[in-house]
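# Remarks on the overall topology
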Amino acid sequence: MYPEGCDVSNHLSLFLCVANHDELLPGWSQLAQFTISVMHKDPKKSKFSDTLHRFWKKEHDWGWKKFMELPKLRDGFIDDSGCLTIETKVQVIRDRVDRPFFLDYGYKTEIVRVYFRNIEQIFLRFVEERRSKLEKLIEDKAKWTSFGVFWLGMDKNSRREMSREKMDVILKGFVKHFFMENVVTSPIAMDCLYNGLKDLEVQTKNKKASPKLLDDKELPAPFVKVDRDMFVLVDDDVLLLLERAALLERAAPEPLPPKDDKALQNRIKEDKDEEDINKEAYEICLNEWGRRTVEIFVLDHIFSKIEVAYKEAIALKRQEELIREEEETSKRSKVLKKGFGKCRLN
């Protein structure tokens, strides 16, 4: 803490530092998400900031030079005894096998409302981009018909094989697409994707739904199911699934549905107060976005593989047509030469 500012004036500077950083071994690093708060007499007016940073020997501290202007501290931040209360919450980000990019539940529920719209927009933008891509493909009648002929022309075993992908491949794709170390919302987004995946696994196994899941009859028809270590499309009729994906609603679900929303009430425990209900409503909404995003990501990945095979087939067909055209041209040329020779003899 720098009460009079670090390289700045008239500001309180606050940083999170690694203890005993001089003793760190070469190559040491640790990713962490953390919040630093300056507490106000009215907790709702407290000043806080969040960030995500990878600490290492040369960057062993991270924070804010201009965390807060000094004059503002006199407005309810300093108590009657002249003390200023500063709190920090640190979430070390570890890539665990059983729960990648795990976030402590308590810390997540505190920050999720702050970044709800940001995370929602990440998922919404991804789903909308993929949906628009499919919409354009379907609108191109000639290409869509050609793609349909290609897909339906494949034998059933080939279609079944093309309609699945290893889970490890997809999970690595999640990390590559959605996790950026310098973006504070990334761990929350990954956590929501993980929970969405678990909800999908529960639905696939037809086990008793968790409180965070809609009843089976209320869940939208899935695109994907989980089969051991594989993601599998629910139907080898890829054309139908792509058409369904292209018709997905553009609007994002609201985190706080009306109080008379029975579906929500059935999914939230009755003995919770309003604040807890609001927190869980946000979490339910984000997890459903995570589940939808997982499904569209898998569908898009599998479709991309099929599209590559389709383009290769089209290229091969075109090459065969060119060869036939050259052969036909060569035959016609020989016939013409032979006829021309007979004319000269006559």
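- Within an unreviewed UniProt entry, the label attached to the chain reads TRAF-like superfamily protein, and the organism entered is Arabidopsis thaliana.

### Quick look at the layout of surface pockets
- Roughly 530 Å³ of volume is contained in the second largest pocket.
- Together, 18 residues line the second largest pocket, and Ser 37, Pro 43, Phe 48, Glu 110 and Val 114 are the ones closest to its centre.
- Broken down by secondary-structure element, the contributors of at least two residues to the lining of the second largest pocket are strand 2 (29-38), strand 3 (47-56), strand 5 (86-92), helix 1 (105-112) and helix 9 (274-345).
- Summarising the domain contributions, the lining of the second largest pocket has at least three residues from each of domain 1 (11-92) and domain 2 (105-319).

### Things to note about the sheet that holds strand 8 (residues 230-233)
- If you trace the three strands from one edge of the open sheet to the other, you get 6-8-7, paired in antiparallel fashion. At either margin of the open sheet sits one strand with a lone partner, and together these are strand 6 (164-166) and strand 7 (224-227). Shown here is a sheet whose adjacent strand axes are inclined to one another by a mean of 25°, direction ignored.
- Seen against the sheet, helix 6 (residues 186-205) touches strand 7 and strand 8 and runs at an angle of roughly 80° to strand 7.

### Thoughts on the sheet that holds strand 3
- The sheet built from three strands is open, its strands ordered 3-2-5 with antiparallel pairing. Strand pairing shows two members of the sheet lacking a second neighbour, strand 3 and strand 5, which therefore form its edges. Each neighbouring strand pair of the sheet contributes to a mean axis angle of 20°, computed without reference to strand direction.
- By the bridge criterion, seven bridges tie strand 2 to strand 5 in an arrangement that is antiparallel. Bridging across to strand 5, Ala 32 finds its partner in Val 92.
- Lying on the sheet, helix 1 is in contact with strand 2, strand 3 and strand 5; it crosses strand 2 at an angle near 55°.

### Structural notes on the pairing of strand 1 (residues 11-17)
- Of all seven residues in strand 1, five are buried, a share of seventy percent or more.
- Examined bridge by bridge, strand 1 and strand 4 (residues 61-69) share six bridges and lie antiparallel to one another. Each bridged residue has a counterpart across the sheet, and for Cys 17 the counterpart in strand 4 is Asp 61.

### Some thoughts on the pattern of salt bridges
- Inspection of the entire model under this criterion finds 16 salt bridges.
- For Lys 108, the salt bridge identified is with Asp 191, shortest N-O distance 2.6 Å. Of this pair, Lys 108 sits in helix 1 while Asp 191 sits in helix 6, placing them 83 residues apart in sequence. Each member of the pair Lys 108 and Asp 191 is classed as buried.
- For Glu 295, the salt bridge is made with Arg 291, and the minimal N-O distance between the two is 3.5 Å.

### Topic: the confidence of the model for the chain
- The predicted model of the chain has a mean per-residue pLDDT of 82, with 81% of residues at 70 or higher.
- Predicted confidence for residues 207-217 stays below pLDDT 50, and this span has 21 contacts to residues more than four positions away or in other chains.
- Taken together, the stretch residues 254-272 has pLDDT below 50 and engages in 29 contacts with residues farther than four places along the chain or on a different chain.

### Topic: helix 6
- With 20 residues, helix 6 should reach 28 Å at 1.5 Å per residue; the first-to-last C-alpha distance of 29 Å fits that figure.
- Among the 20 residues in helix 6, 16 count as buried, and that is most of the element.

### Comments concerning the nonpolar core
- In this structure, Phe 123, Phe 178 and Phe 231 are the most contacted members of the largest nonpolar core, which totals 62 residues.
- When residues in this core are grouped by element, the largest group, 13 residues, is from helix 9.
- With near-sequence residues (within four places) excluded, Phe 178 lies in contact with Ile 122, Phe 123, Phe 126, Ser 186, Met 190, Leu 193, Thr 293 and Phe 297.
- Counting 15 residues, the second largest nonpolar core, distinct from the first, contains Leu 12, Phe 34, Val 38 and Leu 73.

Thresholds, definitions, all that
Residues numbered from 1 in each chain as written. Predicted model: local features only at pLDDT ≥ 70, side-chain atom pairs only at ≥ 80, totals over all residues. Heavy atoms only, no water. 1 Å grid on protein atoms, 1.4 Å probe; cavity = no way out; pocket = protein on both sides within 12 Å on 5 of 7 lines; lining within 4 Å. Points joined across faces, edges and corners; volume = space filled by probe spheres on them. Helix = DSSP H or I, 4+ residues; strand = E, 2+ residues; numbered from the N terminus. Domains from an automatic or database assignment. Pairing = 2+ DSSP bridges. Axes fitted to C-alpha atoms, helices over the stretch in contact; angles between N-to-C directions. Contact = heavy atoms within 4.5 Å. Buried < 20%, exposed > 50% of the residue type's maximum accessible area, 1.4 Å probe, protein only. Salt bridge = Lys/Arg side-chain N within 4 Å of Asp/Glu carboxyl O. pLDDT = per-residue confidence, 0-100. Expected span 1.5 Å × (residues − 1). Core = buried A, V, L, I, M, F, W, Y, C linked by side-chain atoms within 4.5 Å.

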